[in-house]
Amino acid sequence: MASLKLLAKETAIYGMSSIVGRFLNYLLVPLYTVKLSAASGGYGIITNVYAYVALFLVILTYGMETAFFRFANKGDDDPRHVYNTTLTLVSTTSLLFVMLVWLFVHPLASAMGYAEHPQYIGVMATTVAIDAVQCIPFAYLRFQHKAKKFFMLKMAFVVLNITLNLIYFVVINGKDPGYAFYINLWCTAGITFLFYKELIGVRLNFDRPLIRRMLRYAWPILVLGIAGILNQTADKILFPYIYKGGDAHSQLGIYGAASKIAMIMAMITQAFRYAYEPFVFGKAKDADSKEQYAKAMKAFVVFTLLAFLIVVGYMHVLRHIIGSDYWSGLRVVPIVMAAEIMMGVYFNLSFWYKLTDRTIWGAVFSGIGCAVLIAVNVIFVPRYGYMACAWAGVAGYGVAMVLSYVVGQHYYPIRYPLKSIAFYVLLTAAAFVAIVAANKHLATWLALLVNTAVIAAFLALVVGREYPAIAQQIAQRIHRHK
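One numbering rule holds for all chains: residues counted from 1, following each sequence as written. Where totals are concerned, whole chains, interfaces and linings use all residues; where local detail is concerned, this predicted model gives features only for residues with pLDDT of at least 70, and gives and counts side-chain atom pairs only at 80 or more. Water and hydrogen atoms play no part in the side-chain values, which are based on all heavy atoms of the structure.

**Q** Would you explain the overall build of the protein chain in this entry?
**A** The numbering of helices and of strands both runs from the N terminus, where a helix is a DSSP run of H or I of at least 4 residues and a strand a run of E of at least 2. When you go through the protein chain residue by residue, the secondary structure sums to 21 helices and 0 strands. Relative accessibility under 20% of the residue-type maximum defines a buried residue, over 50% an exposed one, and the middle range a partly exposed one, all with a 1.4 Å probe and only protein chains included. Within the protein chain, buried positions represent 48% of all 482 residues. Contacts are assigned to residue pairs that have any heavy atoms within 4.5 Å of one another. A fraction of 81% describes how many contacts in the protein chain between residues 6 or more apart in sequence connect residues 24 or more apart. The method behind every accessible area is Shrake-Rupley, applied with a 1.4 Å probe, and residues are considered shielded solely by the protein chains displayed. Surface summary for the protein chain: the accessible area is close to 23,300 Å², and the carbon and sulfur share equals 68%.

Here it is, written out as structure tokens:
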């Protein structure tokens, strides 16, 4: 019981650090999009470069964070020895990466479209290398169950990052997007000093037998990680290369800013994930586990469909999160949210291969989905611009989702309530049509009123069908009030 309480406590803290951190960083979007006009392409540069950062962070950690947990808990090696070895290896490869980037920074910057600003590439390469190294002390904190320090360090970075951005873009009224990268470097480097307890006494340790064992364990995780991150960033990396217009960064900035509104769905999915992972593994041995998984899937779909309608219904309000000259990209929001829902369903389905130790299927599904996403981008972006990026996400996650369901029903069959889920999807589609019509043809205040009524009707129907006892209590209270 004590271990379960510890798990629940740490899950809440780690979940809060991720969700709160993402939300606070989310607040930089209105700052960037107000201070950097769409025409300038400044936010497009930020979107593009940070997509590379996300990809290279996965590459530079190459599964060693997970490998550390595996071998530190295995019992064959001293955990401190495993930590020293892991930190030494990741630090060495990260240092080599930084040296190579700075050595060839001009041709790299030219190839990436930043020939006039090679410092952007060098600075962000340095930042991502430090980030990769920090992943290991962060993992060590989790290993030692120091969840509070983990949370405080994550929050320290976010607060410092937001503060310095506000000083530069608001107080100084700066306009150079490159300062977003410089600030990120200063904050990342500064946080390193707060790891002094985890870094004091670290010895350089190249235990070759241990390294070989860890690398054998980690390489499939690297493959899965690369496929997963490309599903999220490939469109933003490829766009400047394949878009035919002369305003690639401007268009990418509009797409990236509008997509941030849709990221509300990503935060909901992330919150669900932190609660769902311990739930799944905790229920694995229960007799009714499959029934519980089916109910959880339905709950997830209904909850995210409701969130979808709320975002679309209050778009007139939420659009003010980004600058007005980025509003032309708002048409991608429903599409990107649909892709995020599919990604969430795929995540829910993924537990069949985790519970049956067939994790290679995860790499297969993610790889195929990534290939579809890239293909759609390459084929259709030259003609349809960033709208193709949005639909590519639907195609990629949709294919991965369907494949995982079909194969999963063979190895780990679960009777998901497909008819009920389909009913709510169709109901959402009808509500979406009504909301779009209201947003298009009615005055803002009247559209918001109609949309609120549509969302309330959807919620009332869900409660009436799924929770009849609650619906009856609500009806009785309304009757007594009358």
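**Q** Would you mind going over a nonpolar patch on the surface with me for this structure?
**A** For patch building, the residue pool is restricted to those with more than 30% relative accessible area and no salt bridge; the joining distance is 9 Å between like charges and 5 Å between nonpolar side chains (Val, Leu, Ile, Met, Phe, Trp, Tyr). Salt-bridge detection follows one rule: a side-chain nitrogen of Lys or Arg within 4 Å of a carboxyl oxygen of Asp or Glu. Among the surface-exposed residues, Leu166, Ile167, Val170, Val171 and Ile172 lie close enough to one another that they form a single nonpolar patch of about 450 Å² accessible area. With a relative accessible area of 38%, Ile167 lands in the partly exposed category.

**Q** In this structure, what is going on with the packing of helix 11 (residues 208-242) against helix 18 (residues 386-411)? I would like to understand it.
**A** Axes are the key here: two packed helices are described by the angle between their axes and the distance separating the axes. Where helix 11 contacts helix 18, the two axes come as close as 10 Å, and the packing angle between them is 155 degrees. By the criterion of interaxial angle, the relationship of helix 11 to helix 18 is roughly antiparallel. Crossing handedness for the pair helix 11 and helix 18: right-handed. Residues Asn231, Gln232, Asp235 and Phe239 of helix 11 lie in contact with helix 18, whose contacting residues are Tyr386, Cys389 and Tyr397. Under the grouping applied here, Gly and all other residues not named as nonpolar or charged are polar, the nonpolar ones being Ala, Val, Leu, Ile, Met, Phe, Trp, Tyr, Cys and Pro and the charged ones Asp, Glu, Lys and Arg. Residues of the contact of helix 11 with helix 18, tallied by class, amount to 4 nonpolar, 2 polar and 1 charged. Helix axes are fitted to C-alpha atoms over the stretch in contact, other axes to C-alpha atoms as well, and angles between N-to-C directions run from 0 to 180 degrees. Any angle that is under 35 degrees is reported as roughly parallel, and any over 145 degrees as roughly antiparallel; angles of 65 to 115 degrees are reported as roughly perpendicular and all others as oblique. Each crossing is labelled by how the near helix is turned from the far one, with a counterclockwise turn of less than a right angle marking it left-handed and a clockwise turn marking it right-handed.

**Q** Can you walk me through helix 19 (residues 418-441) in this structure?
**A** Owing to its 3.6 residues per turn, the α-helix aligns residues three or four sequence positions apart on the same side. Its 24 residues place the ends of helix 19 35 Å apart at the C-alpha level, agreeing with the 34 Å of an ideal helix rising 1.5 Å per residue. Those residues of helix 19 that sit buried are Ser420, Ile421, Tyr424, Thr428, Ala431, Ile435, Ala438 and Asn439. A helix is expected to span 1.5 Å multiplied by its residue count minus one.

**Q** Any chance you could explain the side chain of Thr88 here in plain terms?
**A** As for its position among the elements, Thr88 is in helix 5 (residues 79-103). N or O atoms within 3.5 Å of each other form a polar contact, as long as, within protein, one can give a hydrogen and the other can take it, and as long as residues adjacent in sequence are counted only when both atoms are side-chain atoms. Polar contacts involving the side chain of Thr88 include one to the main-chain carbonyl oxygen of Asn84, which spans 2.7 Å. Residues within four places of Thr88 in sequence aside, it is in contact with Arg203, Leu204, Asn205 and Phe206.

**Q** Quick question: what am I supposed to make of the environment of Gly329 here?
**A** Here Gly329 shows up in the loop between helix 14 (315-318) and helix 15 (333-349). Taking relative accessible area as the criterion, Gly329 reaches 0% and is therefore assigned buried. Considered as a pair, Gly329 and Gln251 are 78 residues apart in the sequence and their alpha carbons are 8.7 Å apart.

**Q** What exactly am I supposed to notice about the environment of Phe195 here?
**A** Structurally, Phe195 can be placed in the loop between helix 9 (178-192) and helix 10 (196-199). Once the C-alpha coordinates of Phe195 and Leu153 are considered, the two residues, 42 residues apart in sequence, prove to be 8.8 Å apart. Beyond its immediate sequence surroundings of up to four residues, Phe195 is in contact with Gln134, Pro137, Phe138, Leu141 and Leu153.

**Q** I'm lost on the confidence of the model for the protein chain in this one. Help?
**A** When pLDDT drops low, the exact placement of atoms in the prediction is not to be read closely. For every residue, the pLDDT score states the predictor's confidence, bounded by 0 at the bottom and 100 at the top. Averaged over every residue, the pLDDT of the protein chain is 85; the share at 70 or more is 86%. Per-residue pLDDT, averaged within each element of the protein chain, yields its smallest value for helix 21 (residues 468-481) (58) and its largest for helix 6 (residues 105-111) (95).

**Q** Would you explain the packing of aromatic side chains in this entry?
**A** Centre-to-centre distance and the angle between the planes together describe a pair of aromatic rings. For Phe, Tyr and Trp, where Trp contributes only its six-membered ring, two rings pair if their centres lie within 6.5 Å, and the inter-plane angle classes them as stacked under 30 degrees, edge-to-face over 60, or tilted in between. Counted by the stated rule, this structure contains 26 aromatic pairs. Plain terms: the ring middles of Tyr168 and Phe169 are 4.8 Å apart, the flat faces sit at 85 degrees to each other, and that makes the pair edge-to-face. Here Tyr168 and Phe169 have matching classes, each one buried. Measuring from ring centre to ring centre gives 6.0 Å for Trp361 and Tyr411, while their planes differ by 50 degrees; the resulting arrangement is tilted. Residue Trp361 is located in helix 17 (residues 360-384), and its partner Tyr411 is located in helix 18; the two are separated by 50 residues in the primary sequence. A residue is classified by how much of its surface remains accessible, and Trp361, at 25% relative accessible area, is partly exposed. Accessibility expressed as a relative area gives 32% for Tyr411, which makes it partly exposed.

**Q** Would you mind going over the pattern of salt bridges with me for this structure?
**A** Side-chain pairs of opposite charge can arise whenever the charged atoms involved come near each other. Per the stated rule, a full pass over the model turns up 4 salt bridges. In this structure, the salt-bridge partner of Lys149 is Glu198, at a minimum N-O distance of 3.0 Å. In this pair, Lys149 is assigned in helix 8 (residues 147-171) and Glu198 in helix 10, connecting sequence segments 49 residues apart. Lys149 gets classed as partly exposed once you look at its relative accessible area, which sits at 24%. Taking relative accessible area as the criterion, Glu198 reaches 2% and is therefore assigned buried. Among the salt bridges present, the one from Lys236 reaches Asp235, with a minimum N-O distance of 3.5 Å. No difference in accessibility class separates Lys236 from Asp235, as the two residues are buried.

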